[in-house]
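# Coordinates in review
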Amino acid sequence: MWHAVPASLVAVAVVVASLVLLPSDGARSVPDSPCRPAGSAREDTPAGPDLDGDGFVDLVHEISREMKVDVVVVPGSEHGPDHDRTTVLTQEDLGVPDDIYTTDDSWQPTVADLDEDGHADLVVSGAAQILWGGPEGPQADGPHGRVPLPGSGYDTAPIAGDFDADGHTDLVVFRFSNEDQELVVLKGPFKRSGAPARTVEIPSPVHEGASPVLVAGAGDANDDRATDLALYDSPWDPPLLFTGGARTAAGLSREPERLPEGENVVFGDFDGDGRQDVAVGRSFVDGDDGIDTPHRRGQVGVRYGKEPGKWVTLEGGDFEEGFGAVLAAADLNGDGCDDLAVQLTRKKETGDARIEVLRGGSEYGLGSKPWRATRRSVPGDDGPRDGTLFAVNDWDGDGHAELALFGEDTWWITDGTNRDEASFPVGPGKGRGA
């Protein structure tokens with residue numbers, strides 16, 4: 001069950017104007033949309049992690065299992081992730097202490113230039129261990145650092161953004177200790193030791209015992225060049241949004257805005273107007289597979305930057321099919337507008353999943369009828385396991401983003417159809433071409 005947060009936590013009342021968009025015959029282009037023609041490759045810096053600075057997004061995957069941390073790096077290329085050059089950075093390589101708390105889960109570690117030397121750095125695990133970057137990317141035998149986090153109770157790496165719009169990359173992490181839950185903001189730039197310029201601690205905006213996921217806004221909602229911060233997936237609180245660029249010590253708004261109920265949040269520009277849009281997924285599928293899903297369709301709520309007081313609700317999939325379980329935003333057709341990849345799952349723990357893509361740049365921003373759909377499966381001990389949505393990036397630099405799906409020990413890179421651009425195992429070795 002979701003419960004409302006105390007009124008004192010809500011900075012702005014959200015007016016939810018729900019408009020259920022039924023499937024249509026196709027998405028129509030916005031008459032004066034700034035979406036640019038498809039087929040033109042991007043010339044700017046990759047939006048995803050580029051550890052070696054070659055202009056191609058790398059596939060970076062942190063695996064925390066049995067109290068051990070490994071990071072798998074698949075370098076990017078003009079043909080997408082190059083599995084033959086896969087590198088595994090072990091816990092010893094990363095310098096992560098043996099006593100660090102880890103969860104049996106998979107993460108995207110943080111990649112950002114923390115010391116402002118022009119090279120991307122790698123931040124991993126709840127220890128906030130740093131592997132400093134260089135011309136060829138972070139190396140196992142290269143310089144290390146560690147962000148000094150106050151107290152204990154961290155299970156994931158901090159995420160990066162410029163939350164106060166001062167031009168320096170900051171880090172933020174949630175401390176889930178039952179004694180002292182809080183948001184910890186570490187202000188950049190960072191020294192080679194890992195020390196930030198300043199640390200700001202914010203009392204937890206969620207209930208005791210929660211351990212929410214943090215998401216940094218990818219766009220610019222109000223032209224202040226500041227990164228916004230969303231918290232979601234707390235079992236007792238709705239998603240919350242802190243606005244960046246505030247006149248506070250942390251750079252984040254003093255009180256978070258309560259978003260519509262849901263289990264995940266993503267940012268994108270779905271209508272191509274240059275403003276940050278927000279999407280909230282609500283599948284109605286419980287994390288405990290023993291609890292029945294209500295007999296209804298899942299939904300995605302969308303708020304466009306041009307209409308900050310209005311939410312549009314898109315229902316999808318069939319009844320009890322879990323539309324909205326996972327979301328990811330990126331431009332899959334190279335038209336300049338972000339599309340929205342939506343994962344559907346009937347049971348979250350059984351590996352039952354498929355992905356549908358809603359096209360951006362329609363009359364409403366996002367079209368309500370799936371434009372592309374895909375599914376991948378591998379054998380498992382208890383039956384087939386479907387690949388789940390891990391990340392969306394322009395993996396080959398052609399101006400069109402692709403989905404990275406992860407299932408058991410297999411990666412798939414796909415355009416959202418049944419065609420693979422690449423498919424290969426997680427560990428090093430010879431990949432399987434598409």
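- In the annotation of an unreviewed UniProt entry, the chain is listed under the name VCBS repeat-containing protein and assigned to Streptomyces dioscori.

## Looking at the environment of Ile-202
- Checked against the element boundaries, Ile-202 lands in strand S12 (residues 198-203).
- Residues Ile-202 and Ala-250, 48 residues apart in the sequence, show an inter-C-alpha distance of 8.1 Å.
- Residues contacting Ile-202, with those up to four places away along its chain left out, are Glu-182, Leu-183, Val-185, Ala-250 and Leu-252.

## Remarks on unusual backbone geometry
- For the peptide bond that leads from Gly-188 to Pro-189, omega is 0°, which places it in the cis range.
- Along the chain, Pro-189 turns up in the loop between strand S11 (182-187) and S12.
- You will see that Asp-233, though not glycine, has its phi angle at about 75°, which is positive.
- Residue position: Asp-233 is located in the loop between strand S14 (229-232) and strand S15 (240-242).
- Positive phi is not limited to glycine here, since Glu-320 has a value of about 65°.
- Here Glu-320 is to be found in the loop between strand S20 (312-316) and strand S21 (326-330).
- Glu-320 gets classed as partly exposed once you look at its relative accessible area, which sits at 29%.

## Focus on the side chain of Ser-234
- Note on placement: Ser-234 falls in the loop between S14 and S15.
- Take Ser-234: its relative accessible area is 4%, and that puts it in the buried class.
- Engagement of the side chain of Ser-234 in a polar contact is seen with the side chain of Asp-237, the distance being 3.0 Å.

## Details of the sheet that holds strand S17 (residues 264-268)
- Pairing is antiparallel in the open sheet, where four strands are placed in the order S17-S18-S19-S20. Looking at which strands have only one partner, the edges of the open sheet turn out to be S17 and S20. Mean inter-strand twist for the sheet, computed between neighbouring axes without regard to direction, equals 20°.
- Bridge count between strand S19 (residues 298-303) and S20: five bridges; the pairing is antiparallel. Looking at the pairing, Val-300 lines up with Leu-314 of S20.

Definitions and cut-offs
Residues numbered from 1 in each chain as written. Predicted model: local features only at pLDDT ≥ 70, side-chain atom pairs only at ≥ 80, totals over all residues. Heavy atoms only, no water. Helix = DSSP H or I, 4+ residues; strand = E, 2+ residues; numbered from the N terminus. Contact = heavy atoms within 4.5 Å. Buried < 20%, exposed > 50% of the residue type's maximum accessible area, 1.4 Å probe, protein only. Polar contact = N/O pair within 3.5 Å; in protein donor to acceptor, adjacent residues only side chain to side chain. Pairing = 2+ DSSP bridges. Axes fitted to C-alpha atoms, helices over the stretch in contact; angles between N-to-C directions.

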